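# An overview of the molecular structure
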Amino acid sequence: MFEARLGQATTLKKILDAIKDLLNEGTFDCSDSGIQLQAMDNSHVSLVSLTLRSDGFDKFRCDRNLSMGMNLGSMAKILKCANNEDNVTMKAQDNADTVTIMFESANQEKVSDYEMKLMNLDQEHLGIPETEYSCVVRMPAIEFARICRDLAQFSESVVICCTKEGVKFSASGDVGTANIKLAQTGSVDKEEEAVIIDMQEPVTLTFACRYLNAFTKATPLSTQVQLSMCADVPLVVEYAIKDLGHIRYYLAPKIEDNET
Amino acid sequence: MGILGLSKLIADMAPLAIRESEIKNFFGRKVAIDASMCLYQFLIAVRSEGAQLATVNGDPTSHLMGMFYRTIRLLDNGIKPVYVFDGKPPDLKAGELAKRAERREEAEKALKLATDAGDEAEIEKFNRRLVRVTKEHSNEAKQLLKLMGVPYVDAPCEAEAQCAALVKAGKVYATATEDMDALTFGSCKLLRYLTYSEARKMPVKEFSYDKVLQGLELTSKEFIDLCILMGCDYCDSIKGVGPKRAIELIKSYRDIETILENIDTSKYTVPENWNYKRARELFVEPEVTDASDIDLKWTAPDEDGLVQFLCGDRQFNEERVRNGAKKLLKSKQAQTQVRLDSFFKTMPSTPNANASAAAKRKAEESKKSANNKKAKTSGGSGAARGRRPK
């Protein structure tokens, strides 16, 4: 028996919105420590890793480890039926082939439940090695989303260059070139508006805008975003989900093709 | 021509070996393509008002048109093709080739009849059946590829075998073909429908060799025997043994020798002097050029060369050719997107998924065939692909 209850449906809605553009389907692995989802997009360029800790739920029970493969589009449709303030409960029997999602209004007067078929997905799990990143940038999530959106107008790819002074995002295409520089915040008054750079070594990497823009769908989940970079390894874009866990996106870089 | 019913068998018994995805997900991949089959398809399919495109002298140019635009489309999607041309057919294929020659003769007769009767539709139908790829066509195609900066390989024998060798050596990612025998030759990955025109909106089917073996629970040797039983180009097969029977036999006896000892000869007629051993050798050790000796290089296109070659007598539109050349050049300059697979290691997948996926697929199929009589939507596709005579 698996049962997980969250006080506000809006969190779950935001989580689904943050992953459903990249992934058509995904497997929620439930254990007594919480819920995890790891999946690559179809092109195998990016990976979503979602962790929701059991202690972040209002109620969490998972007797046996359970993998629930879901069509994320269908899941998002069901969540659209919930009001933001509703309580949401996910329930499944052991070895079940369906999951039940129940919404209760705050005053307990309206209860709706939806049953969804589960899928048996053959998904490749990837082992992600521990990495010491040479640059870790924390910045306002909204700022990052804005930069990605703006630069996508100029080119398919954006160059992220991180030095001691700050972080620079640039793109160049037929229209011309665009550069956006962010300096490290001098004095931190409001933590959520700060740009903080932790650099061991300067890094310059190129990434596809398309994926970065897909990642920024997670912006409503968190005020800050953290970018971790290291030469020749995938970028990590992390959004914390308050009191519940985090969502991490991995993105493989673009490289110069010197073979041909 | 491939192995009869193999793709359907794989879909039924090893569904996890097949993955469907969009063409754009194959960016950055190098693929080997059987050129002779492509040329044949183009000569049949690329037509305007039923007639082949031609030079001022009436020599066909359909194959060049097809080759030019298909290659551009692949490169535009970030896929790097290498074309492999057939060499001489193996001796064992003589039987199969004789059969094809027979069919051609029949078609020729039928064409005569139709011409006498003046039946336009029939004339066109049999005209298409008479299409064959000549040395001349191949040479023109090679010349075109050179100008486009796309590499090609001359196989000493069967192109499929050479493609498989390139894949096995890691020179390319997959063989893109409609013939399933690339799998029998041991191509680790086989892509179907990759070369189809975009208009069809078909997803590319990716077959993984190791997952095929895993799903069918066979070794590579047993898989080859299975393919021979199912019917290949190189020898006859036992009458009355279809795909289902073939896999049962292989699973209980493990090789053709043992099957022959145990088979009920009153029910099944084994061909006389059945040459399955030679066929097997052909699959195990085909005549190919050592892939490590092959150097694949994609270079910049020669725009003026292309214009000179395609326009003029061959009547291509100069503006379009120049645009094509620009696209080729552009595809060369783009940076390459890396995949996560090259950084993170895959962990073993869930073992029970295979069985249940197979069960599910079966259930869906039976539902489908119950609803409408035109079942077999999944495996077949035979009607759409051109057979290749030689």
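Residues numbered from 1 in each chain as written. Chains lettered and ligands numbered in written order. Predicted model: local features only at pLDDT ≥ 70, side-chain atom pairs only at ≥ 80, totals over all residues. Heavy atoms only, no water.

Under the criterion given, the structure shown has 13 aromatic pairs over all chains. Ring geometry for A:Phe144 versus A:Phe169: centroids 6.3 Å apart, planes at 55°, classification tilted. Of this pair, A:Phe144 sits in helix α3 (residues 141-152) while A:Phe169 sits in strand β13 (residues 166-172), placing them 25 residues apart in sequence. Classification of A:Phe144 as buried rests on a relative accessible area of 0%. Its relative accessible area of 1% is what places A:Phe169 among the buried residues. Look at B:Phe85 and B:Tyr152: their rings are 5.8 Å apart centre to centre, the planes differ by 85°, and that puts the pair in the edge-to-face class. In this pair, B:Phe85 sits in strand β5 (residues 80-85) while B:Tyr152 sits in strand β6 (residues 152-154), placing the two residues 67 residues apart along the sequence. Classification of B:Phe85 by relative accessible area gives buried; the value is 1%. Put simply, the rings of A:Phe2, A:Phe57 and A:Phe60 touch in pairs and so form one group of aromatic residues. (Phe/Tyr/Trp six-rings, centres within 6.5 Å; stacked < 30°, edge-to-face > 60°. Helix = DSSP H or I, 4+ residues; strand = E, 2+ residues; numbered from the N terminus. Buried < 20%, exposed > 50% of the residue type's maximum accessible area, 1.4 Å probe, protein only.)

To continue, consider the UniProt feature "domain: Proliferating cell nuclear antigen PCNA C-terminal" (unreviewed entry) in chain A. The residues that UniProt annotates with the feature "domain: Proliferating cell nuclear antigen PCNA C-terminal" (unreviewed entry) are residues 127-254 of chain A. Regarding residues 127-254 of chain A, the helix share stands at 15% and the strand share at 45%, and the terminal C-alpha atoms are separated by 21 Å. (UniProt positions renumbered as here; feature names shortened; annotations may be inferred.)

Right, let's talk about the state of the cysteines for a bit. Residues and elements named next belong to chain B. Scanning the entire structure with this criterion turns up 0 disulfides over all chains. Cysteine Cys 163 is unpaired, with the sulfur of Cys 38 as its nearest cysteine sulfur at 9.6 Å. Cys 163 supplies the cysteine sulfur nearest to Cys 188, a cysteine that is in no disulfide, at a spacing of 13 Å. Of the residues examined, Cys 188 reaches a relative accessible area of 35% and is grouped as partly exposed. (Disulfide = S-S within 2.5 Å.)

All names here are of chain B. Even without being a glycine, Asn 273 presents a positive backbone phi close to 45°. Position of Asn 273 among the secondary structure elements: in the loop between α12 (256-262) and α13 (276-284). Relative accessible area serves as the criterion here: at 74%, Asn 273 is assigned to the exposed category. You will see that Gln 315, though not glycine, has its phi angle at about 60°, which is positive. Its location among the elements puts Gln 315 in the loop between α14 (303-310) and α15 (318-333). On the basis of relative accessibility, which here comes to 48%, the residue Gln 315 falls in the partly exposed class.

Moving on to the environment of B:Ala117. Inspection of the secondary structure puts B:Ala117 in helix α4 (residues 94-117). When the C-alpha atoms of B:Ala117 and B:Glu222 are compared, they prove to be 52 Å apart, with 105 residues separating the residues in sequence.

Let's shift gears to a negative patch on the surface. A grouping of B:Glu102, B:Glu105, B:Glu106 and B:Glu108 is seen on the molecular surface, where their side chains present a negatively charged patch. Within the fold, B:Glu108 resides in helix α4. (Patch = residues over 30% accessible without salt bridge, like charges linked within 9 Å, V, L, I, M, F, W, Y side chains within 5 Å. Areas by Shrake-Rupley, 256 points an atom, 1.4 Å probe, with all protein chains shown as cover. Salt bridge = Lys/Arg side-chain N within 4 Å of Asp/Glu carboxyl O. Lys, Arg positive; Asp, Glu negative; His and termini not counted. Charge placed at Lys NZ, Arg CZ, Asp CG, Glu CD.)

The next subject is the domain arrangement of chain A. Residue and element names in this part refer to chain A. Domain assignment breaks chain A into domain 1 (2-117) and domain 2 (135-251). Measuring from the centre of the C-alpha atoms in domain 1 to the corresponding centre in domain 2 gives 28 Å. Counting residues at the interface gives 22 residues for domain 1, matched by 17 residues for domain 2. Counting the contacts that link domain 1 with domain 2 gives 0 salt bridges. Across the domain 1-domain 2 interface, the total number found is 6 residue pairs in polar contact (both at pLDDT 80 or more). Looking at the side of domain 1 that touches domain 2, the elements with two or more residues in it are α1 (9-19) and β4 (46-53). Here the residues of the side of domain 1 that touches domain 2 are counted per class, giving 11 nonpolar, 6 polar and 5 charged. (Domains from an automatic or database assignment. Contact = heavy atoms within 4.5 Å. Polar contact = N/O pair within 3.5 Å; in protein donor to acceptor, adjacent residues only side chain to side chain. Nonpolar A, V, L, I, M, F, W, Y, C, P; charged D, E, K, R; others polar.)

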